[in-house]
Amino acid sequence: ETGVTQSPTHLIKTRGQQVTLRCSSQSGHNTVSWYQQALGQGPQFIFQYYREEENGRGNFPPRFSGLQFPNYSSELNVNALELDDSALYLCASSPDSFSEQFFGPGTRLTVL
Amino acid sequence: GESVGLHLPTLSVQEGDNSIINCAYSNSASDYFIWYKQESGKGPQFIIDIRSNMDKRQGQRVTVLLNKTVKHLSLQIAATQPGDSAVYFCAEPPSDYKLSFGAGTTVTVRA
């Protein structure tokens, strides 16, 4: 196990709702990256947080937002959910923004 | 856009045989690659990496080969075991903070 935990494991929402996903990074890691993995696809980078600041963003709309706390845990928030937001959301932590990333088990989000 | 891609979406291999998973990349400037394994219900797990100043790197039962001329890399798994059944991704490490994954190859090991 990587020491990265995510909650909840599964979640069902309806279109238009908002969701918050949580990630606890591995001890000693100050960087958290979030990825979206659609069924049958590779993970796609959403954004990265380093020492509580956003440190890079992929091609996702502003309704995807995040937060990193002083203990380096992180949240991913998605507003105005769409059906295509259904996916596995992965969190990865690393000692810094250019080191190996350790992935959590993911949160499976289903939007109906 | 995606700069790494795998050749075959699925691979079925007999237990005990060797597996070869291929990956192509488009960016000639890419200098570092990682192979990940993702088992069902889990996040991707680091297997092995290789830098562009190397052609080959070996780990425990795994070997990665890099051909910079044709921008191709492969992951070889020796004596494939049932526990090797998973989805395998090649990826580029953080470049502008973005880890870019290919689509993945699903390896199924037949008993």
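Residues numbered from 1 in each chain as written. Chains lettered and ligands numbered in written order. Predicted model: local features only at pLDDT ≥ 70, side-chain atom pairs only at ≥ 80, totals over all residues. Heavy atoms only, no water.

(A) Spotlight on the interface of chain B and chain A. At the junction of the two partners, chain B supplies 15 residues and chain A supplies 20 residues. At the boundary of chain B and chain A, one finds 0 salt bridges. Our count for the chain B to chain A interface comes out at 1 residue pair in polar contact (both at pLDDT 80 or more). Among the secondary structure elements, those contributing two or more residues to the side of chain B that touches chain A are strand 4 (32-38), strand 9 (86-95) and strand 10 (98-101) of chain B. Element by element, the count of residues in the side of chain B that touches chain A is highest for strand 10 of chain B, at 3 residues. When the residues that make up the side of chain B that touches chain A are grouped by side-chain class, the tally is 9 nonpolar, 4 polar and 2 charged. (Contact = heavy atoms within 4.5 Å. Salt bridge = Lys/Arg side-chain N within 4 Å of Asp/Glu carboxyl O. Polar contact = N/O pair within 3.5 Å; in protein donor to acceptor, adjacent residues only side chain to side chain. Helix = DSSP H or I, 4+ residues; strand = E, 2+ residues; numbered from the N terminus. Nonpolar A, V, L, I, M, F, W, Y, C, P; charged D, E, K, R; others polar.)

(B) Representation of the packing of aromatic side chains in the model. Per the counting criterion, the structure on display carries 10 aromatic pairs over all chains. With a centroid separation of 5.6 Å and an interplanar angle of 90°, the aromatic rings of Phe103(A) and Tyr36(B) are classed as edge-to-face. A residue pair is termed interchain when its members come from two chains, as with Phe103(A) in strand 10 (residues 102-103) and Tyr36(B) in strand 4. When the ring of Tyr25(B) is compared with that of Phe33(B), the centres are 4.5 Å apart and the planes differ by 45°; the resulting orientation is tilted. When its relative accessible area of 6% is taken as the criterion, Tyr25(B) is described as buried. For Phe33(B), a relative accessible area of 1% puts it in the buried group. Members of the aromatic cluster, each reached through a chain of ring pairs, are Tyr35(A), Phe45(A), Phe103(A), Tyr36(B), Phe89(B) and Phe101(B). We note Arg51(B) situated over the ring of Tyr32(B); from NZ or CZ to the ring centre the distance is 4.1 Å. (Phe/Tyr/Trp six-rings, centres within 6.5 Å; stacked < 30°, edge-to-face > 60°. Buried < 20%, exposed > 50% of the residue type's maximum accessible area, 1.4 Å probe, protein only. Lys NZ or Arg CZ within 6 Å of the ring centre and 35° of its normal.)

(C) How the structure looks around the pairing of strand 5 (residues 45-51) of chain B. Residue and element names in this part refer to chain B. Of the strand pairs in this sheet, strand 4 and strand 5 are connected by 6 bridges, and their pairing is antiparallel. Looking at the pairing, Tyr36 lines up with Phe46 of strand 5. Connecting the antiparallel pair strand 4 and strand 5 is a turn made up of 6 residues, with Gly41 showing a positive phi of about 80°. (Pairing = 2+ DSSP bridges.)

(D) A look at the sheet that holds strand 3 (residues 19-24) of chain A. Residues and elements named next belong to chain A. A sheet is described by the order of its strands in space; here 4 strands give the open sequence 1-3-8-7, paired in antiparallel fashion. A single partner strand is all that each edge strand has here, and the edge strands are strand 1 (5-7) and strand 7 (64-68). Within this sheet the neighbouring strands show an average axis-to-axis angle of 20°, counted without direction. In terms of strand pairing, strand 1 meets strand 3 through 3 bridges, oriented antiparallel. Opposite Ser7, over in strand 3, you have Arg22 as the bridge partner. (Axes fitted to C-alpha atoms, helices over the stretch in contact; angles between N-to-C directions.)

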